[in-house]
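Single-letter residue listing:
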Amino acid sequence: GAVVSQHPSWVICKSGTSVKIECRSLDFQATTMFWYRQFPKQSLMLMATSNEGSKATYEQGVEKDKFLINHASLTLSTLTVTSAHPEDSSFYICSAEDTPLQYFGPGTRLLVL
Amino acid sequence: GNSVTQMEGPVTLSEEAFLTINCTYTATGYPSLFWYVQYPGEGLQLLLKATKADDKGSNKGFEATYRKETTSFHLEKGSVQVSDSAVYFCALTPDSGYSTLTFGKGTMLLVSP
């Protein structure tokens, strides 16, 4: 149980385009989902907390207009990287809360050329 | 604020060696403590957890004891295998009930045959 999927698993895009990443809880409902970013050989940095039916809460320094989060249902949250640039290249990981634990997706590797 | 400090890696061991990865934390109140493992190219998997002082979490031969007096949660395994090669993250959630995870920087473990 408690499986979280992400799609796509990897994506390459051109600079200036937008990329949408999906995070799904497959066998449980998650009121709260989290989005993290991980740079090579570094820890996970929380970007935002996504709550179903309400606006996401962004961590300090994360641009809400650049990283759009939508949590439209209890099993799906999406992260859209708008007007992506090479510095946005990273490994994006989501997690879904099945209280009291968080279960992590396998991650999405984004490469912006 | 809350923080987690882990020993820097990589930790390189031969198969069947004893493993210790140190983790100390700073937090107010009574946090819950976690170890997550990340295999190459994958997301994080919960390895074990402890929610109160003197609790011992264990899984797959790994164990860690919540030591409030030393604010530590060191990860140990008596005999490592090549398949244990991964990055290990120590993390905590605060005692407020809000499930935001604070991660350490991660420790890479490399086990050779």
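Please read all numbers here as calculations on a predicted model, not as lab measurements.

J.: Quick question: what am I supposed to make of the overall build of chain A here?
T.: When helices and strands are counted, chain A shows zero helices and eleven strands. Helices (α) and strands (β) of chain A occur, in sequence order from the N terminus, as β-β-β-β-β-β-β-β-β-β-β. Relative to the globule expectation of 13 Å for 113 residues, the C-alpha radius of gyration of chain A, 13 Å, shows essentially globular dimensions. Along the first, second and third principal axes, the C-alpha set of chain A runs to 35 × 25 × 20 Å. For chain A, the proportion of its 113 residues judged to be buried stands at 50%. In chain A, 54% of the contacts between residues at least 6 apart in sequence involve partners at least 24 apart. Element-wise, carbon and sulfur atoms account for 53% of the exposed surface of chain A, whose accessible area totals about 5,700 Å². Of the charged side chains in chain A, 9 are positive and 10 negative; the average position of the first set lies 8 Å away from that of the second.

J.: Before we go on, may I ask you to explain the sheet that holds strand β1 (residues 4-7) of chain A in this structure?
T.: Consider a sheet: its strands pair through backbone hydrogen bonds, and that pairing is either parallel or antiparallel. Residues and elements named next belong to chain A. In space, the four strands of this open sheet follow the order β1-β3-β8-β7, with antiparallel pairing throughout. Strands with a single pairing partner mark the edges of an open sheet, and in this sheet they are β1 and β7 (67-73). Here the strands of the sheet are splayed against their neighbours by 15 degrees on average, with no regard to which way each runs. Pairing analysis gives six bridges linking strand β3 (residues 19-25) to strand β8 (residues 76-81), with the strands arranged antiparallel. Residue pairing across strands places Ile21 opposite Leu79, the latter belonging to β8.

J.: Help me understand the packing of aromatic side chains in this model?
T.: Centre distance and the angle of the planes are the two values used to describe a pair of aromatic rings. The final tally for this structure, using the stated rule, is eleven aromatic pairs over all chains. Ring geometry for Phe104 of chain A and Tyr36 of chain B: centres 5.1 Å apart, planes at 75 degrees, overall edge-to-face. Here Phe104 of chain A is found in strand β10 (residues 101-104), whereas its partner Tyr36 of chain B is found in strand β5 (residues 32-38) on a different chain. Per residue, the accessibility class of Phe104 of chain A equals that of Tyr36 of chain B, and both read buried. Ring centres of Phe104 of chain A and Phe103 of chain B lie 6.0 Å apart, and the angle between their planes is 70 degrees; this geometry places the pair in the edge-to-face category. Of this pair, Phe104 of chain A sits in strand β10 while Phe103 of chain B sits in strand β11 (residues 102-103), which puts the two residues in different chains.

Scoring rules and cut-offs
- Residues numbered from 1 in each chain as written.
- Chains lettered and ligands numbered in written order.
- Predicted model: local features only at pLDDT ≥ 70, side-chain atom pairs only at ≥ 80, totals over all residues.
- Heavy atoms only, no water.
- Helix = DSSP H or I, 4+ residues; strand = E, 2+ residues; numbered from the N terminus.
- Rg over C-alpha atoms; globule rule 2.2 N^0.38 Å.
- Buried < 20%, exposed > 50% of the residue type's maximum accessible area, 1.4 Å probe, protein only.
- Contact = heavy atoms within 4.5 Å.
- Areas by Shrake-Rupley, 256 points an atom, 1.4 Å probe, with all protein chains shown as cover.
- Lys, Arg positive; Asp, Glu negative; His and termini not counted.
- Charge placed at Lys NZ, Arg CZ, Asp CG, Glu CD.
- Pairing = 2+ DSSP bridges.
- Axes fitted to C-alpha atoms, helices over the stretch in contact; angles between N-to-C directions.
- Phe/Tyr/Trp six-rings, centres within 6.5 Å; stacked < 30°, edge-to-face > 60°.

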